[in-house]
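One letter stands for each residue in the lines below.
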Amino acid sequence: MRLAWWDGKVRTLVFDVLFAAAVVAGTLLDITNNGTLRWYGAVFLGVLFCGMVIRRRFPLLFAVLAPVSQVFPSVPVSIAAYTTASRKGLHWYTAISAVIGAVVIVVWPVPGRSHLSWAEEAASVVLFVGGPLLLGLWVYQRRALLAALRDRADQAERERDLRSERAVTAERRRIAREMHDVVAHRVSAIALQSGALTMTAPDEQTEKVAEIIRKTSTSALTELREILQVLRDELPGEPGHVAPSIGAVPVLVADAESTGQAVSLDLPDPVPEVSSMVGRAAYRVVQEALTNAAKHAPGVPVAVKIVAEGDELSVEVTNPRGVAAVAVPGSGYGLLGMRERVSLAGGRLETGWDGGVFRVSAVFGLKAEE
């Protein structure tokens, strides 16, 4: 036997066992009052008990066994009619159970019932067979309706999630188009103009500055293209492009030094192995810290220190106080975005002044999962 025969509920199995035991005990009492229990009587009681216990799985079997119960046969007949109708619905099982129940009510010999008229017999059939039969059919239809409603609710939830996903995808693609049409266009114009200036520069210093602007613009275009690919759910990266990671920090520092920024790098050799999410977060922390130092404290030395100790990776960028010669507009979300990126990578970020030195410190777990 399996618990699924009782709808997966232990209490249903316990109820069926107790109910079967009560019916068998009543039948046994009736047999002992009328004579001696013989071996075939014991076999009959065992079969009756088993049939009543598994009546939910084999309702027709119980309908066949119900008439042999000598104690209130209308009770097992009613239960058989209800069980068959509630489990099978409009099925030939249900029709057979109803026919057996009607025959039992009309012709089964029960003391004191021989004086009933045909109208009383018909009323008994309607009461003990028709009523449970209709109740079982109603339960069957209600169960089917609830299952259909659950399926519709699940389908509606799946469709809602699909619509939400499509809306998010459409919005991401719209943002990607806007960034491509506006930001990428302007950065491309800067790169082209600086490249032209490199070719027509009147002196070497101007040519050097124009070349730095051109390289920076080209790098910005590459990273912008990567962002656009992410927004379009495409795989980022292209041949020759260095993905953001700890191993790419020296390239980032070299680019900053090419613009005239004094940067010292302390990076362990070999580079510690971390997950791609932690590597991207550490790279972006260094990148944002160098950008902030160049904007708010140009000309001051910047120290980048990356240390792997135990199960933690520490990234620290420090620079003394400085004065910006030209006010550079900022979005105001640099530190906030940095903090969100570090938090998503499972790390913690601390920023602020420490004795005249601005410190950006991020700590990650070396075993952090994606």
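Everything discussed here concerns the structure shown above.
(A) Structural detail: the overall build of the protein chain. The secondary structure content of the protein chain amounts to 10 helices and 5 strands. Across the 370 residues of the protein chain, 32% fall into the buried class. Once local pairs closer than 6 in sequence are excluded, the contacts in the protein chain between residues at least 24 apart make up 65%. Put simply, the protein chain shows about 22500 Å² of open surface, and 61% of that area lies on carbon and sulfur atoms.

(B) Here's a closer look at unusual backbone geometry. In this chain, Asp269 is followed by Pro270 through a cis amide linkage whose omega measures 5 degrees. Tracing the chain through its elements places Pro270 in the loop between β1 (263-266) and α9 (276-296).

(C) Quick peek at the packing of aromatic side chains. This model, assessed by the stated rule, comprises 1 aromatic pair. Their ring planes at 70 degrees and their centres at 5.2 Å tell us that Trp353 and Phe358 sit as a pair that is edge-to-face. Judged by its relative accessible area of 45%, Trp353 falls in the partly exposed class. Over the face of the ring belonging to Trp353 we find Arg321, whose NZ or CZ atom lies 4.0 Å from the ring centre.

(D) Region of interest: the pairing of strand β2 (residues 302-309). Sheet analysis places β1 next to β2, joined by 4 bridges and oriented parallel. Residue pairing in the sheet places Leu265 in a bridge with Val304 of β2. Once you follow β1 into α9 and on to β2, the crossover reads as left-handed. Of the pairings in the sheet, the one linking β2 to strand β3 (residues 312-320) comprises 7 bridges and is antiparallel in character. Within β3, the position partnered with Val307 by the bridge is Ser314. The antiparallel pairing of β2 with β3 creates a hairpin that spans 2 residues between the two strands, and Gly310 there sits at a positive phi of about 65 degrees.

(E) Representation of the sheet that holds β1 within the structure. Reading across from one edge, β1-β2-β3-β5-β4 is the order of the 5 strands in this open sheet, with mixed pairing throughout. Each of the sheet's edge strands pairs with one partner strand only, and the pair in question is β1 and β4 (348-353). Each strand axis lies, on average, 10 degrees off the axis of its neighbour in the sheet, ignoring direction. Strand contacts of helix α10 (residues 334-344): β4 and β5 (357-365), with the helix running at about 155 degrees to β4, the strand carrying the most contacts.

(F) Examining the environment of Ala303 more closely. Tracing the backbone through its elements, the reader meets Ala303 in strand β2. C-alpha of Ala303 to C-alpha of Leu265: the two residues are 38 residues apart in sequence and 6.2 Å apart in space.

(G) Representation of the nonpolar core within the structure. Within the largest apolar cluster, 32 residues are counted, with the highest numbers of intra-cluster contacts made by Val286, Leu290, Leu313, Val315, Val360 and Phe364. Elements with a contribution of two residues or more to this core: α8 (249-258), α9, β2, β3, α10 and β5. Sorting elements by how many residues they give to this core places α9 first, with 9 residues. Leaving out residues up to four positions away in the same chain, Val315 has contacts with Ala282, Val285, Val286, Lys305, Ile306, Val360, Ser361, Ala362 and Phe364. Grouped together as the second largest cluster of nonpolar side chains are 8 residues, Val77, Ala85, Val104 and Ile105 included.

(H) Focus on a nonpolar patch on the surface. Residues Val99, Val103, Val106 and Val107 make up a contiguous nonpolar surface patch of about 330 Å² in total accessible area. Checked against the element boundaries, Val106 lands in helix α5 (residues 92-107).

(I) Geometry of the packing of α8 against α9. It is the contact of α8 with α9, at a shortest axis distance of 10 Å, that shows an interaxial angle of 10 degrees. Looking at the two axes, α8 sits roughly parallel to α9. Counted together, Val249, Leu252 and Ala256 of α8 and Tyr283, Val286, Gln287 and Leu290 of α9 form the full contact between these two elements. Looking at the contact of α8 with α9 residue by residue, the class counts come to 6 nonpolar, 1 polar and no charged.

(J) Region of the structure containing the packing of α9 against α10. Following both chains from N to C, one finds α9 and α10 inclined at 165 degrees, their axes separated by 9 Å at the closest point. One way to sum up the angle between α9 and α10 is to call them roughly antiparallel. The two elements α9 and α10 meet at a crossing, and its hand is left-handed. Residues Met277, Arg280, Ala281, Arg284, Val285, Glu288, Ala289 and Asn292 of α9 touch α10, and the partners they reach there are Gly334, Leu335, Met338, Arg341, Val342 and Leu344. Considered class by class, the residues forming the contact of α9 with α10 number 8 nonpolar, 2 polar and 4 charged.

(K) Just the pairing of β5, in detail. Two strands pair when backbone bridges link them, and β3 and β5 are joined in this way by 9 bridges, in the antiparallel orientation. For Ser314, the partnering residue across the bridge sits in β5 and is Val363. The pairing of β4 with β5 spans 6 bridges and is classified as antiparallel. Along β5, the bridge assignment pairs Arg348 with Val363.

What counts and how
Residues numbered from 1 in each chain as written. Predicted model: local features only at pLDDT ≥ 70, side-chain atom pairs only at ≥ 80, totals over all residues. Heavy atoms only, no water. Helix = DSSP H or I, 4+ residues; strand = E, 2+ residues; numbered from the N terminus. Buried < 20%, exposed > 50% of the residue type's maximum accessible area, 1.4 Å probe, protein only. Contact = heavy atoms within 4.5 Å. Areas by Shrake-Rupley, 256 points an atom, 1.4 Å probe, with all protein chains shown as cover. Phe/Tyr/Trp six-rings, centres within 6.5 Å; stacked < 30°, edge-to-face > 60°. Lys NZ or Arg CZ within 6 Å of the ring centre and 35° of its normal. Pairing = 2+ DSSP bridges. Right-handed = clockwise from strand over helix to strand, strands pointing away. Axes fitted to C-alpha atoms, helices over the stretch in contact; angles between N-to-C directions. Core = buried A, V, L, I, M, F, W, Y, C linked by side-chain atoms within 4.5 Å. Patch = residues over 30% accessible without salt bridge, like charges linked within 9 Å, V, L, I, M, F, W, Y side chains within 5 Å. Salt bridge = Lys/Arg side-chain N within 4 Å of Asp/Glu carboxyl O. Parallel < 35°, antiparallel > 145°, perpendicular 65-115°, else oblique. Nonpolar A, V, L, I, M, F, W, Y, C, P; charged D, E, K, R; others polar. Left-handed = near helix turned anticlockwise from the far one by under 90°.

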